[in-house]
Amino acid sequence: MISFIFSENFLTSSISYALPIIFAAFAALISNKANIVSINIEGSMSVAALSGALVSYYTQSWAIGLLAAIAAGVGMSLLLALSAIKLKTDTFLSGIALNTFASGLCVLVLYLVLGVKGDSSMTPSVLIPQVKIPLLSEIPVIGPSLFAQNLLFYVAVISLFALMFLLYRTRLGTKIRATGYNPEATASVGIKTGRVQTVSLVFCGVFCGLGGAYLSMANLGYFSAGMVSGRGFIGIAAEAMGAGKPVLTMLFSLLFGAVDYFAVGGQTVMSAPYELLNTLPYIMTLAALLIYSLAKKKHIQT
């Protein structure tokens, strides 16, 4: 068991499993900073995964497929902006409705385009390439894990620093954080909070698109209904555990990714029923949110 956890394969696979969670967590972070809870991250990732898979196959270009996935993620976020910001509907209920809509939409598009309802395996995606950095990738254990990863891993690392710069070093970032802290006070000084929230949701959609694209264009190689499998909600949990801080959010996402992979890889080294191991990511999510809620309550009381 110890040798399995500290192996090169465990580290590499944990990062791979964490990538969609990282993008989902970043999506939750940027939207929450503007005081709008994007519950529809799960659905946005599903639509993005389908868009990336189909477009990459028909264009035979992973780059165009990736752009299509991002556009789909942004489109879903703009639907939330339209309903929650423009039409003043309940954000939470709008997000749930969009998740339900996304689930049905993906099955419908699959049927209309391919004549199937389950997956797009008959039209495999053009895969996003792996990037191997010379010399650094030869370092034992950490080399293949950190310097011979999928292109989107490096995008995630760049996104971390970009988020930190945006939120804490730019005027837009100040407006986003001010809107999240006190929308009424922010509006009173002439800042259009609705516009700021819409911009935040656009960034949220970009991250949803990246997470969805990874699932169908790097991890699996085609779209499958239900492939997001709760990763959007796990990303929201990781953001909550990270208390809205980009670095902590990424670290908790990596932790969830490690647990997610352990639930799969651990079946080869443990005699526990695989059904029990498959529940570990969700048990971890519930435990993490419980600990976070208790810590926050204690902090408020003190």
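As the structure is a prediction and not an experimental result, all values here were calculated from the model.

Student: What is the right way to look at unusual backbone geometry in this model?
Tutor: Leaving glycine aside, a negative phi is the common case for residues, and trans is the common case for peptide bonds. Not every positive phi belongs to a glycine, and asparagine 35 is a case in point at roughly 65°. With respect to the element layout, asparagine 35 can be found in the loop between α2 (8-32) and α3 (41-59). Overall, the relative accessible area of 42% leaves asparagine 35 in the partly exposed class. In the Ramachandran plot, lysine 88 falls in the positive-phi region, its phi being about 60° despite a non-glycine side chain. Counting through the fold element by element, lysine 88 comes out in the loop between α4 (62-86) and α5 (91-114). By relative accessible area, which is 67% here, lysine 88 ends up exposed.

Student: What is the right way to look at the nonpolar core in this model?
Tutor: Side chains of nonpolar character tend, in soluble globular proteins, to be buried together. With 63 residues, the main nonpolar core has Ile30, Ile41, Phe207 and Phe223 as its most contacted residues. Of all the secondary structure elements, the ones that give two or more residues to this core are α2, α3, α4, α5, α7 (151-169) and α10 (193-219). For this core, the leading source of residues is α2, giving eleven residues. When residues no more than four places from it in sequence are discounted, the contact partners of isoleucine 30 are Leu163, Leu166, Leu167, Ile176, Ser200, Phe203, Cys204 and Phe207.

Rules behind the numbers
- Residues numbered from 1 in each chain as written.
- Predicted model: local features only at pLDDT ≥ 70, side-chain atom pairs only at ≥ 80, totals over all residues.
- Heavy atoms only, no water.
- Helix = DSSP H or I, 4+ residues; strand = E, 2+ residues; numbered from the N terminus.
- Buried < 20%, exposed > 50% of the residue type's maximum accessible area, 1.4 Å probe, protein only.
- Core = buried A, V, L, I, M, F, W, Y, C linked by side-chain atoms within 4.5 Å.
- Contact = heavy atoms within 4.5 Å.

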